[in-house]
Each structure stands twice: as C-alpha cells, then as structure tokens.
Amino acid sequence: MNLDQLAREGVSFRNAFAAAPRQIPAHVALLSACDPRLARRILPEDVQVNQATLWNWADDAPHPAATFLSQGFSTAA
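Residues numbered from 1 in each chain as written. Predicted model: local features only at pLDDT ≥ 70, side-chain atom pairs only at ≥ 80, totals over all residues. Heavy atoms only, no water.

Colleague: Got a minute to help me understand the overall build of the protein chain in this structure?
Modeller: Of regular secondary structure, the protein chain possesses 4 helices and 0 strands. Taken from the N to the C terminus, the helices and strands of the protein chain come in the order α-α-α-α. Out of the 77 residues belonging to the protein chain, those deemed buried represent 19%. Total accessible area on the protein chain stands at roughly 6800 Å², and carbon and sulfur atoms take up 55% of it. (Helix = DSSP H or I, 4+ residues; strand = E, 2+ residues; numbered from the N terminus. Buried < 20%, exposed > 50% of the residue type's maximum accessible area, 1.4 Å probe, protein only. Areas by Shrake-Rupley, 256 points an atom, 1.4 Å probe, with all protein chains shown as cover.)

Colleague: Sorry if this is basic, but what is going on with helix α2 (residues 23–32) here?
Modeller: Since there are 3.6 residues in each turn of an α-helix, residues three or four apart along the chain are aligned in direction. For α2, the full list of buried residues reads P25, A26, V28, A29 and S32. For α2, the buried positions fall inside an angular range of 155° around the axis, keeping them on one side. Of the exposed residues in α2, those oriented more than 90 degrees away from the buried face are Q23 and L30. Among the residues trailing α2, A33 stands out with phi positive, at a value near 60°. (Arc of directions from axis to C-beta.)

Nothing here speaks to function; it is all geometry.
Right, dumping it as structure tokens:
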C-alpha cells in the first residue's frame, strides 16, 4: 500500500485527544474503553512504584479486543 492510497482510503482526524497525558494510562484507556483512573491500583508499601507497576487491568474492565473477536472481527497487536 502506498501513501497516496492510504490518504484516499484512510480517515483523518483534525482534532484528536488522548484520555491521559502519559503513554501507559492512555493505552489503558484505549484498550479497556474505560477512564484510565479506573485501572490504577494500590500497591503494597514494599513494591517500588513506577509507570509499569502503577497500572493494572481490572478483572471487571471491558476487553474490547475479546468482544470484537467474539463478534467475528479480526484483531491484532
């Protein structure tokens, strides 16, 4: 696929906003379809807090990829 074809067939957004200003919470929101604050977790005091350990996908959070797969859509990544 070349760039001209992509431009013709693709979608362009003039205004797009992330759910959060940082990468991990923005991905959590994108992949869970939830506000990223719902995925924060409280860690034990002996766990060093960083961007990777601060976020957790809650068991009851939606899983859009699984929903899409169950409805016959192909997903990847």
